[in-house]
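# Observations on chain architecture
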Amino acid sequence: MKTMEFDRRNFIKQSAMLGTAGTLGLTGSVSAKENLWHADSPAPKDPERRANRIGMSTYCFWHFRGEKLGMKECIDHAARMGFDGVELLHVQMKDDSNSALQKIKRQCHTLGLDLMGFSTHQGFVYPDKAKRDREIAKTKSQVEKAHELGIPTMRINTGRWGLIGFDELMKNKGIEPRLEGYSDDDGFEWVIDSIEKILPTAEKNGVVLGLENHWGLGRTAQGVLRIAEAIDSPWLGLTLDTGNFLENQYEQFEAMTLSKIPLQLIQAKTYFGGGRWYELDIDYARIARMLKKARYRGYISLEFEGNEDAITGVPKSLALLRKHFA
């Protein structure tokens, strides 16, 4: 027993000495300071660009019609179909209590899926300050839910004048009448002021807001950038939807990708079986080149908006996105 203990101690001692020698050999006479890359030194060359991860919005399985498919079922589909992550559509949730949110987080972790986006609805285009304040409070609560889920970015909207229904809005290519006595300038002022009031909550919870090109004052790249550039906060970025520019789509897309405001998430529309409201011919090879030029390395989140059954349309969409973003 004594011999074995002596041998064990000798082995540990010799291993420690070898480890120390190895460390000294690796560092040699180079100081710790010389071993570090400093901000005032030339930046190292970019590594080979890796593929974008592909996620799926739960919106793929519910388009505001019929019974909502629950989060659990959507997440199971995402894992089975081979996605890397999931974006949750808040209005689709049947339960957004903290207990329900933690179950979603646990399920995604178990299945190896990132929770990478939280898509919410709000609107600030109201002359009535009390209404805007209610939307501000609601959005702050949504930010806190994103934090509870561990989601790093949350989609927000500008809102719209709301004088026509959504189906009519789609027939009119997103163009809507203004409330009498008010201008778009009034609306932009309300939106900017409202988002600025939400940003402290976003910063506190570590959730970057992503303003989307999503109808209303955010119908165009010009409108989205007018707001984001006026606010100019690291806690407000851009969520870019490939299917929400109904004219000059690539010019507007490029305006957002090359903006100084960072992209937080790309939502990628597909229309297998024809579109629910309309159908765009989207050149994803061209979009992939634009995103490469912009050095975007984040998630591509599928928003399947076709009439084909999602069980077959969503896997086809995933194959399409993998082809162009791999």
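One can find the structure itself at the top, above this paragraph.
Residues numbered from 1 in each chain as written. Predicted model: local features only at pLDDT ≥ 70, side-chain atom pairs only at ≥ 80, totals over all residues. Heavy atoms only, no water.

The subject of this paragraph is the packing of helix 5 (residues 129-149) against helix 7 (residues 184-205). Put simply, helix 5 and helix 7 touch, their axes get as near as 9 Å, and they point 25 degrees apart. It follows from the interaxial angle that helix 5 and helix 7 lie roughly parallel. The crossing of helix 5 and helix 7 is right-handed. Between helix 5 and helix 7, the contacting residues are Arg132, Ile136, Thr139, Lys140, Val143, Glu144 and His147 on the first element and Trp190, Ser194, Lys197, Ile198, Thr201, Ala202 and Asn205 on the second. Grouping the amino acids of the contact of helix 5 with helix 7 by side-chain chemistry returns five nonpolar, five polar and four charged. (Axes fitted to C-alpha atoms, helices over the stretch in contact; angles between N-to-C directions. Helix = DSSP H or I, 4+ residues; strand = E, 2+ residues; numbered from the N terminus. Parallel < 35°, antiparallel > 145°, perpendicular 65-115°, else oblique. Left-handed = near helix turned anticlockwise from the far one by under 90°. Contact = heavy atoms within 4.5 Å. Nonpolar A, V, L, I, M, F, W, Y, C, P; charged D, E, K, R; others polar.)

Looking now at the pairing of strand 7 (residues 263-270). Burial runs high along strand 7: seven of the eight residues are buried. Of the pairings in the sheet, the one linking strand 6 (residues 236-241) to strand 7 comprises four bridges and is parallel in character. From the neighbouring strand, Leu240 faces strand 7, where its bridge partner is Ile266. The handedness of the strand 6 to strand 7 crossover, carried by helix 9 (residues 249-257), is right-handed. (Buried < 20%, exposed > 50% of the residue type's maximum accessible area, 1.4 Å probe, protein only. Pairing = 2+ DSSP bridges. Right-handed = clockwise from strand over helix to strand, strands pointing away.)

Attention now goes to unusual backbone geometry. Even without a glycine there, the phi angle at Phe64 is positive, about 65 degrees. Accessibility expressed as a relative area gives 44% for Phe64, which makes it partly exposed.

Moving on to the environment of Gln267. If you trace the backbone, Gln267 turns up in strand 7. On the basis of relative accessible area, Gln267 is assigned to the buried category, the value being 0%. Expressed as a C-alpha distance, the spacing of Gln267 and Ser301, which sit 34 residues apart in the sequence, is 4.7 Å. In this structure the side chain of Gln267 is engaged in a polar contact, spanning 2.8 Å, whose partner is the side chain of Glu87. (Polar contact = N/O pair within 3.5 Å; in protein donor to acceptor, adjacent residues only side chain to side chain.)

None of the figures reported here should be taken as evidence of function without further support.
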